[in-house]
Amino acid sequence: MDIKEIAESFVKLQTDPTKEKIQAALDEGMDPVDILQEGVIAGLQEVGKKFEAEEYFLAELMMAGKLGEACMAIINPHLPENTGPAKGTVVLGAVEGDLHDIGYGLVANQLKLAGYDVHPIGVNIPSLQFIEKAQELNADIIGLSAFLVTTIPNCSEVVKYLVDMNIRDKFKVIIGGAETTKAKAEEMGCDGQADDAFEAVTLCNTLMGHTS
Ligand code: B12
């Protein structure tokens, strides 16, 4: 089986064939990380491009979101687990006004697999709620997902509140989402930005001083 076939059925939003192909690839002993990256994530990205090109509309986007979740549920139990002590605690969510959760779900997944204690707190989360949760859990990192020009500024609000509360140095703040950049992260006083879930792991490792 060629993993590209998974991405192709995903882009066509064929629910059962996509799930069956994933199962077949797993049964054939293919690497679940490759299936996730080159099958599901590649498919999601292609759907995103079709939306931008106005070939697909909101209904298709929502179907892609649901299909992505169903695919991840099949792949997740096969991904290698890290059994050592937690490398750090991460509170993760989408900022106020933002409902995009596929990407941050993948980040949560990848960080868990890399050995982090991850607390996903949902979408449309007010800035103070991130801080309260991080304090409650004595977290190391606050991860903010933001996709819209209207919601990205909320990342700087989180930083501002941390500064106002005199606890800025207690947490690392990282951001991600389609329209975020490293330059924007720096401008907003955040500690880093990552373009995908794998880079998010590297970023957290760097911030926490882990070599791998
Ligand atoms: C799917 C999608 C939706 C779905 C979301 C479903 C869901 N359950 O998440 C739905 C249909 C709900 C949706 C709604 C809207 N969307 Co939309 N959406 C997308 C789309 C096509 C793909 C996003 C996605 O899931 N990609 C696949 C995943 C795997 O990739 P990812 O999300 O980028 O995530 C990776 C990284 O960003 C990173 N990452 C993500 N979060 C974090 C967090 C941290 C801490 C770190 C370190 C890293 C990180 O790691 C992830 C995994 O590798 C993007 C286009 C795009 N290019 O991204 C538009 C896009 C983000 N949406 C857009 C718009 C305009 C909207 C709507 C306003 C549309 C409307 N008219 O209603 C609404 C707003 C809803 C809201 N209030 O949030 C625009 C934003 C434009 C802008 N600059 O403001 C985009 C860019 C499309 C476009 N070009 O027009 N959308």
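### With respect to the pattern of salt bridges
Phase 1: Tallied over the full model, the rule gives 6 salt bridges.
Phase 2: With a closest N to O distance of 2.9 Å, lysine 50 and glutamate 55 form a salt bridge.
Phase 3: A salt bridge links glutamate 136 to lysine 133, with the nearest nitrogen and oxygen atoms 3.4 Å apart. With a gap of 3 residues between them, glutamate 136 and lysine 133 both fall in helix 6 (residues 127-137), about one helical turn apart.
Phase 4: The network of salt bridges with common partners includes Lys182, Asp195 and Glu199.

### Considerations on the domain arrangement of the protein chain
Phase 1: When cut into domains, the protein chain gives domain 1 (3-78) and domain 2 (89-208).
Phase 2: A C-alpha centroid distance of 25 Å is found between domain 1 and domain 2.
Phase 3: Contact residues are listed per partner, giving 9 residues for domain 1 and 6 residues for domain 2.
Phase 4: When the two sides are added together, the surface that domain 1 and domain 2 hide from each other amounts to roughly 670 Å², 72% of it contributed by carbon and sulfur.
Phase 5: Summed over the shared surface of domain 1 and domain 2, the number is 0 salt bridges.
Phase 6: Across the domain 1-domain 2 interface, the total number found is 1 residue pair in polar contact (both at pLDDT 80 or more).
Phase 7: Counting only elements with at least two residues in the side of domain 1 that touches domain 2, the list comes to helix 3 (32-52) and helix 4 (58-75).
Phase 8: Take the side of domain 1 that touches domain 2: its biggest share by element is 5 residues, from helix 3.
Phase 9: For the side of domain 1 that touches domain 2, the per-class residue count stands at 5 nonpolar, 3 polar and 1 charged.

### Side note on the site of the ligand
Phase 1: Around the ligand sit 35 residues in total, of which Glu52, Leu99, His100, Asp101 and Ser145 are the nearest.
Phase 2: Here a nitrogen atom of the ligand sits 2.7 Å away from a polar atom, N or O, in the side chain of serine 145.
Phase 3: At 2.9 Å from an oxygen atom of the ligand is found a main-chain nitrogen or oxygen belonging to alanine 197.
Phase 4: Among the secondary structure elements, those contributing two or more residues to the shell around the ligand are helix 3, helix 4, helix 5 (102-113), strand 3 (141-145), strand 4 (172-176) and helix 9 (197-208).
Phase 5: Broken down by element, the residue count for the shell around the ligand peaks at 5 residues, all from helix 5.
Phase 6: Counting the residues that make up the shell around the ligand, at least three belong to each of domain 1 (3-78) and domain 2 (89-208).

### Things to note about the pairing of strand 1 (residues 89-94)
Along a regular strand, successive side chains alternate from one face of the sheet to the other.
Phase 1: With 6 of 6 residues buried, strand 1 lies mostly within the body of the structure.
Phase 2: The alternating pattern of strand 1 places Thr89, Val91 and Gly93 and Val90, Leu92 and Ala94 on opposite faces, both of which are buried.
Phase 3: Two strands pair when backbone bridges link them, and strand 1 and strand 2 (residues 117-120) are joined in this way by 4 bridges, in the parallel orientation. Bridging across to strand 2, valine 91 finds its partner in histidine 119.
Phase 4: Crossover strand 1 to strand 2 through helix 5 is right-handed.

### Brief notes about the side chain of glutamine 110
Phase 1: Mapped onto the elements, glutamine 110 comes out in helix 5.
Phase 2: Glutamine 110 has contacts with Leu36, Ala197, Phe198 and Val201, leaving out every residue within four places of it along the chain.

### What to know about the pairing of strand 4
Phase 1: Of all the 5 residues making up strand 4, 4 are buried; the element is thus mostly covered by neighbouring parts of the structure.
Phase 2: As paired strands, strand 3 and strand 4 are joined by 5 bridges and run parallel to one another. Opposite isoleucine 142, over in strand 4, you have valine 173 as the bridge partner.
Phase 3: Following the chain from strand 3 across helix 7 (residues 153-164) to the adjacent parallel strand 4, one finds a crossover that is right-handed.
Phase 4: Examined bridge by bridge, strand 4 and strand 5 (residues 192-194) share 3 bridges and lie parallel to one another. Bridged to isoleucine 174 within strand 5 is glycine 192.
Phase 5: Regarding the hand of the β-α-β motif, the stretch spanning strand 4, helix 8 (residues 182-187) and strand 5 is right-handed.

Conventions and cut-offs
- Here the residue numbers are simple positions, counted from 1 along each chain's written sequence.
- Local features in a predicted model are, by the rule used here, given only for residues with pLDDT of at least 70; side-chain atom pairs are given and counted only at 80 or more, and totals for whole chains, interfaces and linings are based on all residues.
- Computation of side-chain values: all heavy atoms of the structure, hydrogens and water removed.
- Any carboxyl oxygen of Asp or Glu within 4 Å of a side-chain nitrogen of Lys or Arg constitutes a salt bridge here.
- The way it works is that DSSP assigns letters per residue, a run of H or I at least four long becomes a helix, a run of E at least two long becomes a strand, and they are numbered from the N terminus.
- Each domain's extent is set by a domain assignment, obtained either automatically or from a database.
- Only heavy atoms enter the contact rule, under which two residues are in contact if any of them lie within 4.5 Å.
- Buried area is calculated as the accessible area (1.4 Å probe) missing from two parts once they are joined, with the contributions of both summed.
- Polar contact is the term for a pair of N or O atoms within 3.5 Å; when the atoms are in protein, one must be able to donate a hydrogen and the other to accept it, and sequence-neighboring residues count only if both atoms are side-chain atoms.
- Ten residue types, Ala, Val, Leu, Ile, Met, Phe, Trp, Tyr, Cys and Pro, are classed as nonpolar, four, Asp, Glu, Lys and Arg, as charged, and the remainder, Gly among them, as polar.
- One heavy atom within 4 Å of a molecule or strand makes the whole residue count as near it.
- A simple rule labels every residue: compare its accessible area, found with a 1.4 Å probe on the protein chains alone, to the largest value its type can have, and call it buried under 20%, exposed over 50%, or partly exposed in between.
- For two strands to be treated as a pair, DSSP must find no fewer than two bridges joining them.
- A clockwise course of the path from the first strand over the helix to the second, judged with the strands pointing away from the viewer, identifies a crossover as right-handed.

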